[in-house]
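# Residue-level structure breakdown
Chain by chain, the residues run as shown.
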Amino acid sequence: MRDPHRGMLAGIKELAPEITARASEIETARCLPSDLVDRLRSIGIFRMFVPRSHGGLELDLPAGMEVMKALTRIDGSVGWITHVAGVGGLFAAAASPELYRRIYQNGPDVAICGSSQPAGTAERVSGGYRVKGRWPFASSCMHADWIGGFCIVTENGKPVAGPHGKPQLRAVALPARDWEIEDTWYAAGLKGTGSHHITLRERLVPETDVFDLDAPPRMPGPLYQALRQWLPLLHGAFSLGLAEGTVDDLLALAHTGRQQLYAAAPMRDSEIFQFGLGRISADLRAAQAFHGAQVASHWRHALAGSLNDEELIIEGSRSAVWLATTCVGIADACFALAGSSAVYDSSPLQRRLRDLHVGAQHAHAQQRLYVEVGRLALRRSAGQVR
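Each chain carries its own residue numbering, running from 1 in the written order of its sequence. Whole-chain, interface and lining totals are the exception, using all residues; otherwise, since this is a predicted model, local features are given only for residues with pLDDT of at least 70 and side-chain atom pairs are given and counted only at 80 or more. Note that the side-chain values use all heavy atoms of the structure and ignore hydrogens as well as water.

## Focus on the pairing of strand β2 (residues 128-138)
- We call two strands paired when DSSP finds no fewer than two bridges between them. For the purposes of this entry, the term helix denotes a DSSP run of H or I that reaches at least four residues, the term strand denotes a run of E that reaches at least two, and both are numbered from the N terminus. One ladder, built from 6 bridges, connects strand β1 (residues 112-125) with β2; its direction is antiparallel. The residue bridging glycine 120 from the neighbouring strand is glycine 133, located in β2.
- Hairpin geometry of β1 and β2 is characterised by an intervening segment of 2 residues between the two adjacent antiparallel strands and by a positive phi of about 90° at glycine 127.
- Alignment of β2 against strand β7 (residues 196-206), held across 8 bridges, turns out to be antiparallel. Directly across from arginine 134, in β7, lies its bridge partner threonine 199.

As structure tokens, this is what we get:
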């Protein structure tokens with residue numbers, strides 16, 4: 001039987017020229033064209049993390065990351081949509097058995113999206129929850145089959161206390177037809193992701209359709225032990241894939257023989273260009289090594305059954321923040337080396353630059369996460385001293 005992972009990579013290689021040729025169309029439409037979504041569906045992006053027991057591919061995490069990076073290397077918006085597809089499959093694995101059966105009743109190629117911001121409320125009532133809210137950044141909502149959102153649980157209009165005194169959070173998942181999509185995605189980058197606002201007007205949701213992502217895993221296997229530990233690594237794969245694509249574009253420009261105004265030699269023969277490219281390649285190699293080491297470490301924990309550890313979330317955040325910052329720096333340097341030609345809409349370098357900067361604004365890549373990283377380092381060093 002053909003290796004599904006290798007089959008997906010072969011399908012991506014075949015689709016790459018079409019994605020590149022349609023980059024402007026994707027940006028203008030602010031979402032992926034439906035026929036391209038269908039092509040991605042046929043490759044298997046919506047089923048790559050769905051259990052084999054439900055017809056999915058159940059790729060191991062390192063293999064899934066390779067697929068994500070391969071598509072992100074071609075186009076930032078397509079790569080972001082692929083990451084959402086992967087997260088959707090992992091997100092659904094935390095649902096109740098009843099809800100999970102409904103989500104996948106017609107097969108494993110289900111597009112699931114949502115917003116991780118707790119912008120809704122779920123009021124406890126007889127028979128379930130009364131849910132309402134307005135959520136931002138619902139990437140992929142234009143082609144989603146199911147949509148989810150995080151809610152603060154309330155009773156009598158007041159938040160219910162959860163662990164450590166913080167408000168209790170629950171996720172709600174409903175068919176896409178039950179949600180309203182507001183056309184709000186006018187953004188600096190990742191324009192083709194269709195990351196609009198979604199609204200759910202007051203609706204009674206049964207207990208089975210509201211679930212806790214931190215509850216014990218419902219699915220067997222290392223992939224489904226914990227979701228929050230995977231999320232920073234997935235964001236790191238996005239940053240890295242996009243940085244790799246940026247360097248590809250810079251090299252392609254250099255190989256055209258382009259010579260900048262007032263320059264003594266073509267770009268590829270210029271020592272100034274070669275010096276800059278050398279530093280960029282070193283940064284990229286360091287980013288690849290760091291991400292690879294972090295993914296391998298997390299996957300070892302998953303195989304050993306020890307993934308559900310708060311410290312691993314912090315370790316993942318450390319890599320995600322550093323990767324986002326480093327990869328933005330790579331894009332900035334590539335853009336500068338390319339000269340004036342990079343400022344035009346026709347240049348992929350300006351799009352890569354915008355996409356990486358927007359991706360770095362995500363909650364998983366914020367510099368403030370270094371605070372927890374520092375605290376973890378202090379705790380560990382104190383333990384060594386004792």
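Further notes follow.
## A look at the packing of aromatic side chains
- What counts as a ring pair is set by centres within 6.5 Å for rings of Phe, Tyr and Trp (its six-membered ring), and what kind of pair is set by the plane angle: stacked under 30 degrees, edge-to-face over 60, tilted for all other angles. Throughout the structure, instances matching the rule amount to 8 aromatic pairs.
- On the basis of an interplanar angle of 35° and a centroid distance of 6.0 Å, the ring pair of tryptophan 230 and tryptophan 299 is categorised as tilted. Taken as a pair, tryptophan 230 in the loop between β8 (210-211) and α7 (231-254) and tryptophan 299 in helix α8 (residues 271-304) lie far apart in primary sequence, 69 residues in all.
- Working definition: with a 1.4 Å probe on protein chains only, accessible area under 20% of the residue-type maximum means buried, over 50% means exposed, and in between means partly exposed. The class of tryptophan 230 is buried, set by a relative accessible area of 0%.
- Taken together, the aromatic side chains of Phe91, Phe150 and Phe211 make up a single cluster linked through ring pairs.
- Any Lys NZ or Arg CZ that is within 6 Å of a ring centre and within 35 degrees of that ring's normal is treated as a charge sitting over the ring. The ring of tyrosine 186 has arginine 30 lying over it, and the distance from NZ or CZ to the ring centre is 4.0 Å.

## Details of the side chain of serine 195
- Relative to the elements of secondary structure, serine 195 occurs in the loop between β6 (180-182) and β7.
- Two N or O atoms count as a polar contact when they lie within 3.5 Å, although within protein this holds only if one can serve as hydrogen donor and the other as acceptor, and sequence-adjacent residues are included solely when both atoms are side-chain atoms. Within the structure, the side chain of serine 195 is placed 2.5 Å from the side chain of serine 139, a separation counted as a polar contact.
- By definition, residues are in contact when any of their heavy atoms lie within 4.5 Å. Not counting the four nearest positions on each side in its chain, serine 195 is found in contact with Phe137, Ala138, Ser139 and Trp185.

## Points about the nonpolar core
- Within the largest apolar cluster, 63 residues are counted, with the highest numbers of intra-cluster contacts made by Leu61, Phe91 and Phe211.
- Those residues in contact with phenylalanine 91 that lie beyond four places of it in its chain are Ile112, Phe150, Ala171, Ala173, Phe211, Leu213 and Leu227.
- Counting residues in hydrophobic clusters, the runner-up holds 54 residues, among them Trp135, Met267, Phe273 and Val328. Joining through side-chain atoms within 4.5 Å is the link that ties buried Ala, Val, Leu, Ile, Met, Phe, Trp, Tyr and Cys residues into a set, and such a set is a nonpolar core.

## Here we look at the environment of arginine 379
- Here arginine 379 is to be found in helix α11 (residues 370-385).
- What arginine 379 contacts, discounting residues up to four positions off in sequence, is Glu311 and Ile314.

## Side note on the side chain of histidine 298
- Structurally, histidine 298 is set in helix α8.
- In this view, histidine 298 contacts Gln229, Trp230, Leu233, Leu307, Leu312, Glu315 and Gly316; residues no more than four positions away in its chain are not counted.

## A look at the pairing of strand β3 (residues 146-155)
- Across the 10 residues that make up β3, a large majority, 8, are buried.
- For β1 and β3, the ladder comprises 8 bridges, and the chain directions are parallel. Residue pairing in the sheet places alanine 122 in a bridge with valine 153 of β3.
- Both β3 and strand β5 (residues 169-175) contribute to a ladder of 7 bridges, which runs antiparallel. Pairing of isoleucine 152 across the sheet is with leucine 169, part of β5.
- In this sheet, strand β4 (residues 158-159) lies alongside β3 in antiparallel orientation, the contact comprising 2 bridges.

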